[in-house]
Structures are given as C-alpha cells and as structure tokens.
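# Fold and geometry: a report
Chain by chain, the residues run as shown.
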Amino acid sequence: MAGHSKWANIQHRKGRQDAARSKLFSKLAKEITVAAKMGDPDPDKNPRLRLAVKEAKSNSCPKDVIDRAIKKAVGGDAENYEEIRYEGYGPNGIALVVEAMTDNRNRTASNVRSYFTKAGGDLGQTGSVSFMFDRVGEIMYPLSAGDSDTVMEAAIEAGADDVETDEEGHWIYCADTALNEVSTALETTLGESETAKLIWKPQSPTEITDLETAQKLMKLIDALEEDDDVQNVTGNFDLTEAVAAQL
C-alpha cells in the first residue's frame, strides 16, 4: 500500500480548518443544486446528489444551506451552470486539473488563464494533462474504522480496487462509475465514511523537494480555489515531509 499524498493530507486538513467557510459552503451548495437539477431531488434516488450532500455534511455545511440548494433546483430558479474542465502546467511543469461550474464560460476561462499566466504557468487544451491522472472514486474512513487488514478486506468485498492507509486514515479507491455502489456497500461493514467523492488521482506524482517551487504552486492553487467558479483543483505532485512542514 502506497502512502497517501502529503498534498492530499494538507488539503484535507485545510478543508477542515479553513476560516473562509462561506466560500466552501457556496461551492458545496452549487454542486448540490446542479446534482438535484440533473436528476431526482431525493438523495436516495439520485447517486450524485447523495454524494454531494454527504460531502457537504462532512464539511459541516449547515442543513438549511443543503435544503435551500435542493429547493433552488426544484423551484426552477437555479442558474444554468455549465461544468468545464481546464488543464495546464503550473510552476516547474506540474500538471493541474481545474474543475469549474460556471454561468459565464468566457469569464471563467479568462480568470483561469490569468491565474496560470501570473504564476508562470501555461493553460493547455482539454486532454493536455488529464492523461496523467485516473478518474476514480475516493472514499475516506478514519483510522478508528478498523485496522488496515479489516478495511482492505471490506473494501475488496465491496468492489474497490485499492486501499492506502496513513496517519490521516484509510483511503479507498474504486472505479468512477462504481463510487455510489462501493460507498453504499462499505457502509454496511464499516459504517458511514467521512467522505466519498470523484477525484483525479495522479498516476506518477512528481515529488517537490524545493520550498520555493512549493510556495509558487500553492499560491497558484490558492488563487484558483479562491475563484467562485472553481470547484476543485488537483495536481500531479507530492510534497516531501520537510517541504510540507514549512508550508
């Protein structure tokens, strides 16, 4: 079992401790609204909505924010968001995948391109870097869910492909199309997971040993994540313990 990416660990902690909760809640609500608009407004009958609500709850998103997001879709007064993926290279040629939801494609494209340019990066065409990632489902359980052997056995039984365990918890990976099915099956043996979502998993992460490169990269990622239209940012890199400790 390979160790989970230290960047993912930092991202995980950052998500828990981030002071700008309202921005995070807004992005989670947007995903809930889009999921509810595209399918059934009942999470039990709509896998994407179920996972969106679960992710919102795992980030302590208030129930009224979740309910309002669903009602917005049902009431027909939700904006028409378009899902767009941007791909490019950041400092030191680190590949980045940026997922956005926007009601103004031109505005979002212009902003994302500007962030890459200011950071000395380069925004590429769709498909220019995504081949370096696998689109998979990621389910996270705390260490209290059981030892690595127990979790591995439960994951295989549920139809998962891989498990990584580190000091943060157990990270279970499965095919993107099987996320809801595997997540539901795991709940019967391990209880409810902390998170269950689709991610872009780097195939061969580039290890960053230089603090300056890491700082430039984080500055670009922070700028992207600050944008209201950007939902997720993923990079094909990992940070050494020393660099991660200094960030």
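Attention here is on the structure that accompanies the text. (Residues numbered from 1 in each chain as written. Predicted model: local features only at pLDDT ≥ 70, side-chain atom pairs only at ≥ 80, totals over all residues. Heavy atoms only, no water.)

## With respect to the sheet that holds strand β9 (residues 230-235)
Adjacent strands of a sheet pair through backbone hydrogen bonds, lying either parallel or antiparallel. In plain terms, the rule: In this scheme, strands are said to pair when DSSP sees at least two bridges between them. Each helix is a run of DSSP H or I of at least 4 residues and each strand a run of E of at least 2, with the numbering of both proceeding from the N terminus. Contact between two residues is taken to exist if any of their heavy atoms lie within 4.5 Å; hydrogens are not considered. As a rule, the C-alpha atoms of each element are fitted with a line to give its axis, helices using only the stretch in contact, and angles between N-to-C directions run from 0 to 180 degrees.
Taken in spatial order, the 4 strands line up as β3-β1-β2-β9 in an open sheet, and their pairing is antiparallel. Each edge of the sheet is formed by a strand with only one pairing partner; in this case those strands are β3 (122-123) and β9. Relative to the sheet, helix α5 (residues 105-118) contacts β1 (82-89), β2 (95-102), β3 and β9, its axis offset from that of β1 by approximately 20°.

## Side note on the packing of α5 against helix α8 (residues 211-226)
Using the following cut-off: Oblique is the label for any angle not under 35 degrees, not over 145, and not in the 65 to 115 range, which are roughly parallel, roughly antiparallel and roughly perpendicular in turn. Each helix crossing is assigned a hand: it is left-handed if the near helix lies turned anticlockwise from the far helix by less than a right angle, otherwise right-handed if that turn is clockwise. In this classification, the charged set is Asp, Glu, Lys and Arg, the nonpolar set is Ala, Val, Leu, Ile, Met, Phe, Trp, Tyr, Cys and Pro, and all remaining amino acids, among them Gly, are polar.
Where α5 contacts α8, the axes come no closer than 9 Å and their chain directions differ by 165°. Looking at the two axes, α5 sits roughly antiparallel to α8. In this structure, α5 crosses over α8, and the sense of that crossing is right-handed. Across the interface between the two elements, V112, Y115 and F116 from α5 touch L220, A223 and L224 from α8. Among the residues making up the contact of α5 with α8, the classes are represented as 6 nonpolar, no polar and no charged.

## Comments concerning the pairing of strand β6 (residues 169-175)
Counted only if it meets this: Partly exposed describes any residue whose relative accessible area lies between the buried limit of under 20% and the exposed limit of over 50%, with all areas from a 1.4 Å probe on protein chains only and scaled to the type maximum.
The element β6 is extensively covered by neighbouring structure, given that 6 of its 7 residues are classed as buried. As paired elements, strand β4 (residues 133-141) and β6 share 6 bridges and run antiparallel to each other. In the strand pairing of β6, I139 is matched with I172. With 5 bridges joining them, strand β5 (residues 162-166) and β6 adopt antiparallel strand pairing. Bridge pairing in β6 links E164 to W171. The turn linking β5 back onto β6 is made up of 2 residues.

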